[in-house]
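This is what each chain is made of:
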Amino acid sequence: MHGSPEVAVLRLGHRPGRDDRMTTHVGLTARALGADRVILPENATQSRETVRDITERFGGPFEAELTDSPYGLVRDWDGRVVHLTMYGQEVQTVEAEIRTAHREAPILVVVGAEKVPFDVYEAADWNVGVTNQPHSEVAGLAVFLDRLLEGEELEREWEEADRRVIPRSTGKRVEPADDAGDTDRGSNGR
Ligand code: SAM
């Protein structure tokens, strides 16, 4: 989106049933907040379909993929690796350094589901904490991407969308993206 090298997000681990919503939300948050691609574990097919469906409806470009080798991807990544963890360096301390590196190299942002193997901490160029308090991969990812992209992602134009949301102080307004017509609904509308 940003004319810089790629930002990809890797979700490590997925427990079907328990993690379905969280894995989907990692993908949706990656898309909405400026990453170019999300890579999900191979058993997260439903989450990938949901992210693809949202991209078809609300626009891109954004890719959602599966991998059968997440650790291989971290090991062989041709760029810099940022692992988000509550045990890492404070985001406010390392964000400028990471932004500088991103001018030259693709960034892989890694988020976990359950316990992340120590190899990932060692393979990462930065282990980054968004606070050093336990919370969620979705929250950590959102704050990190916003710091990395310095808010530019909020101004993004979406391509090939079927529809777009028109911001309103109340209620919901959604228009076909080609302006062929619109739907206007009250605050209880769906
Ligand atoms: N208990 C697990 C462990 O020890 O690795 C962490 C589980 S946590 C619910 C899932 C993911 O959320 C983590 O792998 C990490 O990517 C992210 N996360 C949680 N708190 C974070 C924080 N303060 N900063 C950055 N990422 C965080």
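Quantities reported herein were computed from a predicted structural model and do not represent experimental measurements. (Residues numbered from 1 in each chain as written. Predicted model: local features only at pLDDT ≥ 70, side-chain atom pairs only at ≥ 80, totals over all residues. Heavy atoms only, no water.)

**Student:** Which residues make up the overall build of the chain, and what values do they have?
**Tutor:** In terms of helices and strands, the chain carries 6 helices and 9 strands. In terms of overall size, the chain behaves like a compact globule, its C-alpha atoms giving a radius of gyration of 17 Å where 190 residues would be expected to give roughly 16 Å. In terms of overall dimensions, the chain has C-alpha extents of about 55 × 35 × 30 Å along its principal axes. Within the span of the chain, comprising 190 residues, buried residues form 43% of the whole. Pairs at least 24 apart in sequence give 76% of the contacts found in the chain among residues at least 6 apart. By element, 45% of the accessible surface of the chain is carried by carbon and sulfur atoms, the whole surface being about 10,500 Å². In the chain, the 23 positive side-chain charges and the 36 negative ones have mean positions that sit 7 Å from each other. (Helix = DSSP H or I, 4+ residues; strand = E, 2+ residues; numbered from the N terminus. Rg over C-alpha atoms; globule rule 2.2 N^0.38 Å. Buried < 20%, exposed > 50% of the residue type's maximum accessible area, 1.4 Å probe, protein only. Contact = heavy atoms within 4.5 Å. Areas by Shrake-Rupley, 256 points an atom, 1.4 Å probe, with all protein chains shown as cover. Lys, Arg positive; Asp, Glu negative; His and termini not counted. Charge placed at Lys NZ, Arg CZ, Asp CG, Glu CD.)

**Student:** Any chance you could break down the UniProt feature "binding site: S-adenosyl-L-methionine" (unreviewed entry) in the chain for me, citing the residues and the numbers?
**Tutor:** If you check UniProt for "binding site: S-adenosyl-L-methionine" (unreviewed entry), the listed places come out as Leu84, Gly112, Ala113, Glu114, Lys115 and Val116 in our numbering. Of the residues just listed, which span 33 residues, no C-alpha pair is farther apart than 12.7 Å, and they cluster in one region. Considering only the annotated residues already named, the ones lining the largest pocket are Leu84, Gly112, Ala113, Glu114, Lys115 and Val116. Considering the arrangement of structural elements, one finds Gly112 in the loop between β5 (107–111) and α5 (118–123). Residue class for Gly112 comes out buried when judged on its relative accessible area of 14%. With residues up to four places along the chain from it excluded, the contact list for Gly112 reads Arg11, Leu12 and Glu137. The buried category is assigned to Val116, whose relative accessible area is 14%. With sequence-adjacent residues up to four places away left out, Val116 is seen in contact with Leu12, His83 and Tyr121. (UniProt positions renumbered as here; feature names shortened; annotations may be inferred. 1 Å grid on protein atoms, 1.4 Å probe; cavity = no way out; pocket = protein on both sides within 12 Å on 5 of 7 lines; lining within 4 Å.)

**Student:** Which residues make up the side chain of His14, and what values do they have?
**Tutor:** Relative to the helices and strands, His14 is located in the loop between β1 (7–11) and α1 (20–32). The buried category is assigned to His14, whose relative accessible area is 8%. In terms of polar contacts, His14 uses its side chain to reach the side chain of Asp20, at 3.2 Å. In contact with His14, not counting residues within four places along its chain, are Asp19, Asp20, Thr23, Pro41, Asn43, Ala44 and Ser47. (Polar contact = N/O pair within 3.5 Å; in protein donor to acceptor, adjacent residues only side chain to side chain.)

**Student:** Any details on the pairing of strand β3 (residues 63–67)? Residues and values, ideally.
**Tutor:** Sheet topology note: the strand β2 (residues 37–41)/β3 ladder contains 5 bridges and is parallel. By the bridge assignment for β3, Arg37 is matched with Glu63. As a crossover connection, the stretch from β2 through helix α2 (residues 45–58) into β3 is right-handed. (Pairing = 2+ DSSP bridges. Right-handed = clockwise from strand over helix to strand, strands pointing away.)

**Student:** Hey, could you go over the environment of Ile39 for me, with residue numbers and the actual values?
**Tutor:** Tracing the chain through its elements places Ile39 in strand β2. When the C-alpha atoms of Ile39 and Glu65 are compared, they prove to be 4.8 Å apart, with 26 residues separating the residues in sequence. Every residue in contact with Ile39, bar those within four places of it in the chain, is listed here: Ala8, Val9, Leu10, Arg11, Glu65, Leu66, Thr67, Leu73 and Leu108.

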